[in-house]
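Overview (structure and organization)
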4 protein chains.
Amino acid sequence: MPTRIGDIRRQDLTEAAFLTLQQHGLRGTTIARVGAQAGMSPGIVHHYFKNKAELLEATMRRTGAKLSKEVIALLRKATTPRERLYAIIEGNFAPDTFTPEIAHAWLSFCAEVPVNPQFARIQRVLQRRMHSNLMHCLRQLLPLEKAIAVAGTISVLIDGFWLRRGLKDEAFSRQQALKQMRDYLDQHVPETSNPEA
Amino acid sequence: MPTRIGDIRRQDLTEAAFLTLQQHGLRGTTIARVGAQAGMSPGIVHHYFKNKAELLEATMRRTGAKLSKEVIALLRKATTPRERLYAIIEGNFAPDTFTPEIAHAWLSFCAEVPVNPQFARIQRVLQRRMHSNLMHCLRQLLPLEKAIAVAGTISVLIDGFWLRRGLKDEAFSRQQALKQMRDYLDQHVPETSNPEA
Amino acid sequence: MPTRIGDIRRQDLTEAAFLTLQQHGLRGTTIARVGAQAGMSPGIVHHYFKNKAELLEATMRRTGAKLSKEVIALLRKATTPRERLYAIIEGNFAPDTFTPEIAHAWLSFCAEVPVNPQFARIQRVLQRRMHSNLMHCLRQLLPLEKAIAVAGTISVLIDGFWLRRGLKDEAFSRQQALKQMRDYLDQHVPETSNPEA
Amino acid sequence: MPTRIGDIRRQDLTEAAFLTLQQHGLRGTTIARVGAQAGMSPGIVHHYFKNKAELLEATMRRTGAKLSKEVIALLRKATTPRERLYAIIEGNFAPDTFTPEIAHAWLSFCAEVPVNPQFARIQRVLQRRMHSNLMHCLRQLLPLEKAIAVAGTISVLIDGFWLRRGLKDEAFSRQQALKQMRDYLDQHVPETSNPEA
DNA sequence: GATGAATGAGGGTTCATTCAT
DNA sequence: TATGAATGAACCCTCATTCAT
């Protein structure tokens, strides 16, 4: 049975790590800084996480969960498949999440994926969830093969926009991403269900 | 006239840095490792590059130039606007360039853009060249506004695919990227010139 | 309340730095050597001092304080202005302080003053304290203008003697310094108070 | 037989080292910088000087010689012992020599004396020359014992003033040094010759 | 559980010195 | 002679990790 207090501390620390990531980037995220951000000593971190890697892993997992929650909340309000599709998009570009800082942290995370198996695992989970969410909508609007293709392109587009955001290019805005995203959807996804078309 | 030997060493070192980047990631790319990769002592690196940052900067610049050469070579052979458009795409997904290793190196580079002004400058140059190349074709095939929108989406898609490639996901192939890319083009870019349509 | 252990370590380290300074000169005073002298690992030094500069700064400050204590102790016992004047002199040439080693450390410190603002600050403080101490006595023995001139020359003489001592010239002794100092005072400072003379 | 060109190069290099010392301080005086200052390659320095230490040694020796020349030139014009005394003082505080930069370089040099036997040797030579110059004058103006004492104090005063100058304290000027120096002389050295008094 | 002191490895960088050309 | 390429040691500093308290 896991200690209740342990769960709280772990949560506090991942939250602190998340904030530190945004403020200092992945390279500037040291154990000491995360501890300070959480108001704890540097040493305590290793009581709750075996590794720095494990801390970061948990952090990314929680960040992914946050994003998911946003999407899920919006999905609840949606009724038609198309509304659900838009909910997924809106959720992935929510103002509080789709920030340059968070996107940058995510980008740094991606850059580590190939040399960190745990990161790779998390990344795969997130990607699959995205795909499954998209397919759930698109299958009701498009024939299977077409749905698969569109789902793939949408998720690549989302990654591309996040990458751009992570570059902290001032000339690139959230509105732009949403507009381009909607343009794509308008062209490739019909208003009404027509899976046989 | 710059020292011939200096140019050679600089080239060797950027090449070594590029290889090290692919093998160890950005974080694992130390001066000592780059030196070893080039068969030189650690100290010599600072003879040719003031900084680690400058070495990496030169490395990314050279990598960008390589990519450009590929695109330019293909553009030469193309005659119609549409062929030129495809040349740009093919060039950006050339088998020798669009490898998981190179894409990973590029991804690491992107992750540093927000904290490294020089990297930001290089990234901006590459992005603008891409945009200008695309617009040169699309303006002959689509009305201006539409051309801008499509050019924007294409370049975000390319970034998205490179990101995916950089994640070294075995399930994601170059063929897939090309297919999705072509699907998008087929839907948004007419065969023949019709800028007024 | 500051960490007790921290204060102890900081004190140990400044003491170790002081000894290292005497044995190896400023250039030979490396973080590792100071750590070793204090029986600690090289890394720990940065736990207590942000910089090498800060360590040396603290070291010089403490050394200055030691010198001051000596002077103050002697000043306590003095009753007449002239006795106080001699107390200042004696204090600045105390056998335990006016050693070739300490003088050498002080000389190294002086050599860094122009390129280290913090060192400059400390040096200025010490110099002002000296001047103020001297003036306190001399104003009771000499007219103001004369007092200022004599105070200035005395403090330059003291610096000159310390410099000589720092050169570790075997032919130069503490007795000599004291004798020359007294000769000067006998010629320029009257036995009894006579500020109007 | 020493190569003529070798002597020229050695002279150029010591001159360059002298300039570098003023501009970058002792710590900033690297072989490469001295070479650059002399318009030569870094490697050539070791053709003419076995060591960095030897280069600096030669540099200090030459600097001492410069100072001497100044003094000698002024001594030539002087006729009476007292004039000669003033010539020595003026020579040691010549506007082109008694600069904060040169004094700082000299101060750094002094700080190395105890750990560098060659430096110690040079320093001793300079000090003896000073003493002998002073005695030559003072013996004609004061009884021997008194002359020795005054010569000693004068030379300590000069060192003290040079030290102060080397601290680059803006509040301390050449005029001040000269005034204080003259005050001292006026009090301790009679106008006319009176060795028996 | 919790602290923060302590370690030690490793990184970037500088630089005197050597050596092939 | 002269160059500047090359080496390698040493320095300061950072930081994940361990451990006594």
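All of these numbers come straight from a predicted model, not from anything done at the bench.

Here we take up the overall build of chain A. Within chain A one finds 9 helices and 0 strands. Its helices and strands taken in sequence order, chain A reads α-α-α-α-α-α-α-α-α from the N to the C terminus. In terms of principal-axis extent, the alpha carbons of chain A reach across some 60 × 45 × 30 Å. The proportion of buried residues among the 197 residues of chain A is 39%. A sequence separation of at least 24 residues applies to 63% of the contacts in chain A between residues at least 6 apart.

The subject of this paragraph is the interface of chain C and chain D. Listed per partner, the contact involves 27 residues of chain C and 28 residues of chain D. Counting residues per element, the ones that place at least two in the side of chain C that touches chain D are helix 6 (100-112), helix 8 (144-166) and helix 9 (174-188) of chain C. If one sorts the elements of the side of chain C that touches chain D by residue count, helix 8 of chain C sits on top with 10 residues. Here the residues of the side of chain C that touches chain D are counted per class, giving 14 nonpolar, 9 polar and 4 charged.

One chain copy maps onto the other through a rotation about an axis and a shift parallel to that axis. When chain C is fitted to chain D, the residual RMSD is 0.6 Å, and the transformation amounts to a turn of 178° plus an axial shift of 0.2 Å. Such a combination of rotation and displacement between the chain copies is what one expects of a two-fold axis. Among all residues of chain C, the minimum C-alpha distance to the rotation axis is found for G160 of chain C, at 2.0 Å.

Nowhere do chain A and chain C come into contact; their C-alpha atoms are at least 12 Å apart. Regarding chain B and chain C, which are not in contact, the minimum distance between any of their C-alpha atoms is 21 Å.

What follows covers the protein's contact with DNA strand E. Taken together, 36 residues lie near DNA strand E, and G43 of chain A, T30 of chain B, S41 and G43 of chain C together with T30 of chain D sit nearest. At the level of elements, helix 1 (4-24) of chain A, helix 2 (31-37) of chain B, helix 1 (4-24) of chain C together with helix 2 (31-37) of chain D are the ones that each hand at least two residues to the surface near DNA strand E. For the surface near DNA strand E, a count of residues per class yields 14 nonpolar, 18 polar and 4 charged.

Overlaying chain A with chain B gives an RMSD of 0.6 Å, the required rotation being 178° about an axis along which the chain moves by 0.1 Å. Both copies present the same face, since 93% of the interface residues in chain A are matched by interface residues at the equivalent positions in chain B.

Turning our eyes to something else, we now look at the protein's contact with DNA strand F. Residues in contact with DNA strand F amount to 36 residues; listed here are only the nearest, T30 of chain A, S41 and G43 of chain B, T30 of chain C together with G43 of chain D. Listing elements by their share of the surface near DNA strand F, those giving two or more residues are helix 2 (31-37) of chain A, helix 1 (4-24) of chain B, helix 2 (31-37) of chain C together with helix 1 (4-24) of chain D. Class assignment of the residues belonging to the surface near DNA strand F gives a composition of 14 nonpolar, 18 polar and 4 charged.

To continue, consider the packing of helix 1 of chain A against helix 4 (residues 52-77) of chain A. When two helices pack together, their arrangement is captured by the angle between the axes and the distance separating the axes. All names here are of chain A. Axis separation between helix 1 and helix 4 bottoms out at 9 Å; the angle between their running directions is 85°. If you check the angle between helix 1 and helix 4, you find them roughly perpendicular. On the side of helix 1, the interface is formed by R10, L13, T14, A17, F18 and L21, while helix 4 contributes L55, L56, A58, T59, R62 and T63. Across the contact of helix 1 with helix 4, the residue classes tally to 7 nonpolar, 3 polar and 2 charged.

The next subject is helix 5 (residues 81-92) of chain A. All names here are of chain A. Taking 1.5 Å of rise per residue, the 12 residues of helix 5 would be expected to cover 16 Å, and the 17 Å separating its terminal C-alpha atoms lies within 8% of that figure. Of all the residues in helix 5, the buried ones are R84, L85, A87, I88, I89, G91 and N92. Where helix 5 is buried, its residues touch helix 4, helix 7 (117-138), helix 8 (144-166) and helix 9 (174-188).

Moving on, we come to the domain arrangement of chain A. All names here are of chain A. By the assigned domains, chain A splits into domain 1 (1-49) and domain 2 (56-188). Placing a centre on the C-alpha atoms of domain 1 and another on those of domain 2 gives a separation of 26 Å. Tallying the contact residues gives 9 residues for domain 1 and 11 residues for domain 2. Among the residues forming the side of domain 1 that touches domain 2, the class breakdown is 5 nonpolar, 3 polar and 1 charged.

For an interface, size is often stated in terms of accessible area lost upon the parts coming together. Each side of the interface is counted separately: chain A has 28 residues, and chain B has 27 residues. Sorting the residues of the side of chain A that touches chain B by element identifies helix 6 (100-112), helix 8 and helix 9 of chain A as the ones contributing at least two each. Each residue belonging to the side of chain A that touches chain B can be placed in one class, and the counts come to 13 nonpolar, 10 polar and 5 charged.

Moving on to the packing of helix 7 (residues 117-138) of chain D against helix 8 (residues 144-166) of chain D. All names here are of chain D. For the pair helix 7 and helix 8, the least separation of the axes is 9 Å and the interaxial angle reads 135°. Relative to helix 8, the element helix 7 lies oblique. Taken as a pair, helix 7 and helix 8 cross one another with a handedness that is right-handed. Contacts between helix 7 and helix 8 involve M130, H131, L134, M135 and L138 on the former and, on the latter, A147, V150, A151, I154 and S155. The residue makeup of the contact of helix 7 with helix 8, split by class, is 8 nonpolar, 2 polar and no charged.

Before going further, it helps to examine unusual backbone geometry. Residue and element names in this part refer to chain A. Even without being a glycine, K168 presents a positive backbone phi close to 60°. Topologically, K168 is positioned in the loop between helix 8 and helix 9. Exposure remark for K168: the 17 C-beta atoms within 10 Å place this residue in the partly exposed category.

Summarising the element assignment, Q180 of chain A is placed in helix 9. Put simply, Q180 of chain A and F161 of chain A are 19 residues apart on the chain and 9.7 Å apart in space, counted from C-alpha to C-alpha. The residues contacting Q180 of chain A, other than those within four sequence positions of it, are A149, G152, T153 and V156 of chain B.

Quick look at the environment of F98 of chain B now. Residues and elements named next belong to chain B. One can find F98 in the loop between helix 5 (81-92) and helix 6 (100-112). For F98, a count of 22 C-beta atoms within 10 Å translates into the label buried. Considering only alpha carbons, one finds F98 and L67, 31 residues apart in sequence, at a separation of 9.3 Å.

What follows covers the environment of I8 of chain D. Residue and element names in this part refer to chain D. Residue position: I8 is located in helix 1. For I8, a count of 11 C-beta atoms within 10 Å translates into the label exposed. Separated by 51 residues in sequence, I8 and T59 have C-alpha atoms that sit 14 Å apart.

With that out of the way, let us pick up helix 4 (residues 52-77) of chain C. Its 26 residues place the ends of helix 4 of chain C 39 Å apart at the C-alpha level, agreeing with the 38 Å of an ideal helix rising 1.5 Å per residue. On its buried side, helix 4 of chain C packs onto helix 1, helix 2, helix 3 (45-48), helix 5 (81-92), helix 6 and helix 7 (117-138) of chain C.

Rules used in this analysis
Residues numbered from 1 in each chain as written. Chains lettered and ligands numbered in written order. Predicted model: local features only at pLDDT ≥ 70, side-chain atom pairs only at ≥ 80, totals over all residues. Helix = DSSP H or I, 4+ residues; strand = E, 2+ residues; numbered from the N terminus. Buried ≥ 20, exposed ≤ 12 C-beta atoms within 10 Å, placed from the backbone. Contact = placed C-beta atoms within 7 Å. Nonpolar A, V, L, I, M, F, W, Y, C, P; charged D, E, K, R; others polar. Least-squares fit on C-alpha atoms with pLDDT ≥ 70 in both. Near = placed C-beta within 6 Å. Axes fitted to C-alpha atoms, helices over the stretch in contact; angles between N-to-C directions. Parallel < 35°, antiparallel > 145°, perpendicular 65-115°, else oblique. Expected span 1.5 Å × (residues − 1). Domains from an automatic or database assignment. Left-handed = near helix turned anticlockwise from the far one by under 90°.

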